[in-house]
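Chain residues, written in single-letter form:
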Amino acid sequence: MIPATAISTLKGLLDRHDRFVLLSHVNPDGDSIGSSLALYNYLHDPGREVTVITPNDLPAFLKWLPGAEDIIVGKYKPEEAASRIAAAEVFFFLDFNEPGRLKKLESTVNGNRDAYRVLIDHHPSPVIEAGLVISDTSVSSTAELLYSVLKSLDATSILRSPVAVNLYAGIMTDTGCFRYNASHSATWEAVADLMRAGIDINDIYSRIYDNYSEHRMRLMGFALDKKMVILPEKHTGYIWLTREELERYGYVPGDTEGFVNLPLSVENIRFSALFLELGDKIKISFRSKGTFAVNRFSSAYFNGGGHHNAAGGECTMTMEETLKKFESLLEDYAHEI
Ligand code: 5GP
Ligand code: MN
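The structure displayed is predicted, hence computed values, not measured ones. (Residues numbered from 1 in each chain as written. Chains lettered and ligands numbered in written order. Predicted model: local features only at pLDDT ≥ 70, side-chain atom pairs only at ≥ 80, totals over all residues. Heavy atoms only, no water.)

Asks: Please provide a residue-by-residue account of the coordination of the manganese ion (ligand 2), values included.
Replies: Within the protein, Asp-31 (OD), Asp-95 (OD), His-122 (NE2) and Asp-174 (OD) serve as the donor atoms for the manganese ion (ligand 2), at 2.2 to 2.4 Å. Written as a sequence motif, the donor arrangement for the manganese ion (ligand 2) is D-x63-D-x26-H-x51-D. Of this pair, Asp-95 sits in the loop between β4 (90-94) and α4 (105-110) while His-122 sits in the loop between β5 (116-121) and β6 (132-135), and the two are 27 residues apart along the sequence. The pair formed by Asp-95 and His-122 is uniform in burial state, with each residue classed as buried. (Donors = N, O, S within 2.8 Å, 3.2 Å for Na, K, Ca; no water. Helix = DSSP H or I, 4+ residues; strand = E, 2+ residues; numbered from the N terminus. Buried < 20%, exposed > 50% of the residue type's maximum accessible area, 1.4 Å probe, protein only.)

Asks: Lay out the sheet that holds strand β1 (residues 19-23) with the relevant residues and their values.
Replies: Pairing is parallel across the open sheet formed by six strands, whose spatial order is β3-β2-β1-β4-β5-β6. Pairing within the sheet leaves two strands with one partner each, and these edge strands are β3 (72-73) and β6. With five bridges joining them, β1 and strand β2 (residues 49-54) adopt parallel strand pairing. Considered in β2, the bridge of Leu-22 is made with Val-52. In the packing of helix α3 (residues 78-87) onto the sheet, the strands contacted are β1, β2, β3 and β4, and the crossing angle to β2 comes to about 130°. (Pairing = 2+ DSSP bridges. Contact = heavy atoms within 4.5 Å. Axes fitted to C-alpha atoms, helices over the stretch in contact; angles between N-to-C directions.)

Asks: Which residues make up unusual backbone geometry, and what are the values?
Replies: Even without being a glycine, Lys-103 presents a positive backbone phi close to 50°. Tracing the sequence through the fold places Lys-103 in the loop between β4 and α4. Its relative accessible area of 40% is what places Lys-103 among the partly exposed residues. At Asn-181, a residue that is not glycine, the phi angle is positive and equals roughly 55°. As for its position among the elements, Asn-181 is in the loop between α6 (161-174) and α7 (185-195).

Asks: Please set out the nonpolar core residue by residue, giving values where relevant.
Replies: Formed by 57 residues in total, the largest nonpolar core has its most connected members in Leu-22, Phe-92 and Leu-167. Among the elements that make up this core, the one with the highest residue count is α6 (eight residues). For Phe-92, the residues in contact, after removing those within four places along its chain, are Leu-10, Phe-20, Val-21, Leu-22, Leu-23, Leu-39, Leu-43, Val-118 and Ile-120. If you look at the next biggest cluster of nonpolar residues, it comprises 21 residues, including Leu-231, Ile-284, Ala-311 and Tyr-333. (Core = buried A, V, L, I, M, F, W, Y, C linked by side-chain atoms within 4.5 Å.)

Asks: Lay out the site of ligand 1 with the relevant residues and their values.
Replies: In the vicinity of ligand 1 there are 14 residues, among which Arg-101, His-123, Lys-283, Ser-285 and Arg-287 approach most closely. In the environment of ligand 1, an oxygen atom lies 3.0 Å from a nitrogen or oxygen atom belonging to the side chain of Arg-101. Here an oxygen atom of ligand 1 and a side-chain polar atom of His-123 are 2.7 Å apart. Protein contacts shield 83% of the accessible area of ligand 1, which totals 490 Å² for the unbound molecule. Elements supplying a minimum of two residues to the shell around ligand 1: β10 (281-288), β11 (305-306) and β12 (310-315). Sorting elements by how many residues they give to the shell around ligand 1 places β12 first, with four residues. (Near = heavy atom within 4 Å. Polar contact = N/O pair within 3.5 Å; in protein donor to acceptor, adjacent residues only side chain to side chain. Areas by Shrake-Rupley, 256 points an atom, 1.4 Å probe, with all protein chains shown as cover.)

Asks: Talk me through the domain arrangement of the chain; I want residue IDs and the actual numbers.
Replies: Partitioning the chain into structural domains gives domain 1 (4-209) and domain 2 (214-333). Look at where the C-alpha atoms of domain 1 and domain 2 centre, and you get two points 27 Å apart. Facing nine residues of domain 1, the contacting portion of domain 2 comprises 10 residues. Here domain 1 meets domain 2 over a buried area of about 720 Å², counting both sides, of which 51% is carbon and sulfur. At the boundary of domain 1 with domain 2, the tally comes to one salt bridge. Note that Lys-103 is salt-bridged to Glu-314, the shortest N-O span being 3.9 Å. At the boundary of domain 1 with domain 2, the tally comes to two residue pairs in polar contact (both at pLDDT 80 or more). Classifying every residue of the side of domain 1 that touches domain 2 gives four nonpolar, three polar and two charged. (Domains from an automatic or database assignment. Buried area = accessible area lost by both parts, 1.4 Å probe. Salt bridge = Lys/Arg side-chain N within 4 Å of Asp/Glu carboxyl O. Nonpolar A, V, L, I, M, F, W, Y, C, P; charged D, E, K, R; others polar.)

Asks: Residue-level account of the pattern of salt bridges, with values.
Replies: Scanning the entire structure with this criterion turns up 15 salt bridges. Here Asp-57 ties to Lys-63 by a salt bridge, and the two come within 3.1 Å at their closest N and O atoms. Exposure remark for Asp-57: the relative accessible area of 21% places this residue in the partly exposed category. Given the relative accessible area of 42%, Lys-63 is considered partly exposed.

Quick look at the structure:
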């Protein structure tokens, strides 16, 4: 349940202001894009200037979502992003809990101290300063939380297809097609409600998951055959891919989506990781089943964070050193995994 005070604050903001900037985190995923675009379509009105801004590009499999063509990618259009941010009267922070997830946009956003800030998120312990914080770690996704917010604001809003498609895409992707964090009946009730908008859930699934390049499928085959390390006594599995290997398979952002989950399908594996040599860093994803808190592990050793069972981080050492550090930490943590 969204507190009535939060809804009345939001109503006041929507009545009083015209310029809204909706901010998504770096390497945006289906939940951050689905949430941003659902809110974008909800707010869209000739009398308003509503802008969705992402720090870097979104993966190709999300670019068909209604409204995606209007997103401003900070990395490609820094001046336009900066001018919209400077002119904003209200910021929405969607699907992230730390300002650093805005990367270079963080200082631009901090430059506008006058805008009212609203946080809508499902990550633990948010440290983003905001006038209105709608934060709930028990929901499957930010999209599900936003569904409740929009429904409270205007019950008919979620029956508009561009809103419903984006909310559904956010919930579907963040739960890995309802495999993780989808054990509350409220998630399924939200989905049933969204289906009343007439959305085609098979089509949404297909556009997101049956839309990969041949290269990506072959990269997955290579990763599973040659680059997956299984450590049965540590209940851990990981995949690592160098820059050269990614380039060999024509890597584009989004191609490794879901790879981190693959080792978890091996019997008795409860902790998995994916190491990618990207830019001048090793980008890392962590997943676990059960009690092992990967967000704590990631923030303690890999400058990251996230959820209890799904987190990410990074490392500035070489791949070899990063893997060595990871394997030596496993010695210390084996009893917890
Ligand atoms: P993924 O592994 O899919 O990139 O991210 C899984 C979860 O961890 C997401 O909730 C995401 O927001 C969070 N996450 C991923 N990378 C980072 C990071 O570098 N820092 C922090 N704080 N969270 C991250
Ligand atoms: Mn999310």
